Amino acid sequence: MDHSCIDIYITRDVDGYVVAPAGTCLPEDAMSALGGVVHGWMQQVGEASRLPGWRGVRRDLDACGYSVLSDEDFAALLLPGELAPPPMPLCMQPSVGAVAAAA
């Protein structure tokens, strides 16, 4: 099974995505448990295959032919950098020295 080109499905009742090798028939019972899925698009895995998180997806694909990803996992693994959401900003507290210098 070629895992380099994948179909991406959007789940209806759960915030997430289903990823499967391109052209794979998904099991109806599992997909109905997610409220059904809608085919979104097909894409190459590309650099995602080198990410540590992709190993778990690859195990799912080998075991059952698909993998269910949360929004966060999907964004981290499969969204191109320019489309990925920005990182969460750090909450920076002013240091004591900075407050004293400003005063």
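Residues numbered from 1 in each chain as written. Predicted model: local features only at pLDDT ≥ 70, side-chain atom pairs only at ≥ 80, totals over all residues. Heavy atoms only, no water.

(A) Just the overall build of the protein, in detail. Of the regular secondary structure elements, the protein holds 4 helices and 4 strands. Taking all 103 residues of the protein together, 30% fall into the buried category. Across the protein, the fraction of contacts at a sequence separation of at least 24, relative to all contacts at a separation of at least 6, is 59%. Working note: accessible area of the protein is about 6900 Å², and carbon and sulfur atoms make up 58% of it. (Helix = DSSP H or I, 4+ residues; strand = E, 2+ residues; numbered from the N terminus. Buried < 20%, exposed > 50% of the residue type's maximum accessible area, 1.4 Å probe, protein only. Contact = heavy atoms within 4.5 Å. Areas by Shrake-Rupley, 256 points an atom, 1.4 Å probe, with all protein chains shown as cover.)

(B) Layout of the side chain of Gln43. Relative to the elements of secondary structure, Gln43 occurs in strand E3 (residues 37-44). The class for Gln43 is buried, based on a relative accessible area of 18%. Reaching out from Gln43, the side chain makes a polar contact with the backbone oxygen of Leu78 at a distance of 3.1 Å. (Polar contact = N/O pair within 3.5 Å; in protein donor to acceptor, adjacent residues only side chain to side chain.)

(C) Inspection of the nonpolar core at higher detail. Formed by 13 residues in total, the largest nonpolar core has its most connected members in Ile6, Val19, Trp54, Val57, Leu69, Phe74 and Leu78. At the level of secondary structure, the elements contributing two or more residues to this core comprise strand E1 (5-11), strand E2 (16-21), helix H2 (54-64) and helix H3 (71-78). Setting aside chain neighbours within four positions, we find Val19 in contact with Ile6, Asp7, Trp54, Leu61, Tyr66, Ser67, Leu69 and Leu78. Within the second largest apolar cluster, 7 residues are counted, among which are Ala20, Leu26, Leu34 and Tyr66. (Core = buried A, V, L, I, M, F, W, Y, C linked by side-chain atoms within 4.5 Å.)

(D) Geometry of the packing of aromatic side chains. Applying the stated rule across the entire model yields 2 aromatic pairs. Arranged with centres 4.0 Å apart and planes meeting at 20°, the rings of Tyr17 and Phe74 form a pair that is stacked. Taken together, the residues span a long stretch of sequence, with Tyr17 in strand E2 and Phe74 in helix H3 at a distance of 57 residues. With a relative accessible area of 18%, Tyr17 lands in the buried category. Among the residues examined, Phe74 registers a relative accessible area of 2% and is labelled buried. Here the aromatic rings of Trp41 and Phe74 are separated by 6.0 Å at their centres, their planes lie at 70°, and the arrangement is edge-to-face. Remark: Phe74 occurs in helix H3 and Trp41 occurs in strand E3; sequence separation between them is 33 residues. Ring pairs connect the aromatic residues Tyr17, Trp41 and Phe74, which therefore count as one cluster. (Phe/Tyr/Trp six-rings, centres within 6.5 Å; stacked < 30°, edge-to-face > 60°.)

(E) Focus on H2. Those residues of H2 not exposed but buried are Trp54, Val57 and Leu61. Down the axis of H2, the sector holding all buried residues measures 60°, keeping them to one side. The exposed residues of H2 that point more than 90 degrees off its buried face are Arg55, Arg59, Asp62 and Ala63. On its buried side, H2 packs onto E1, E2, strand E4 (67-70) and H3. Following H2 by one or two positions, Gly65 adopts a phi angle in the positive range, close to 90°. (Arc of directions from axis to C-beta.)

This is a description of form; function is not addressed.
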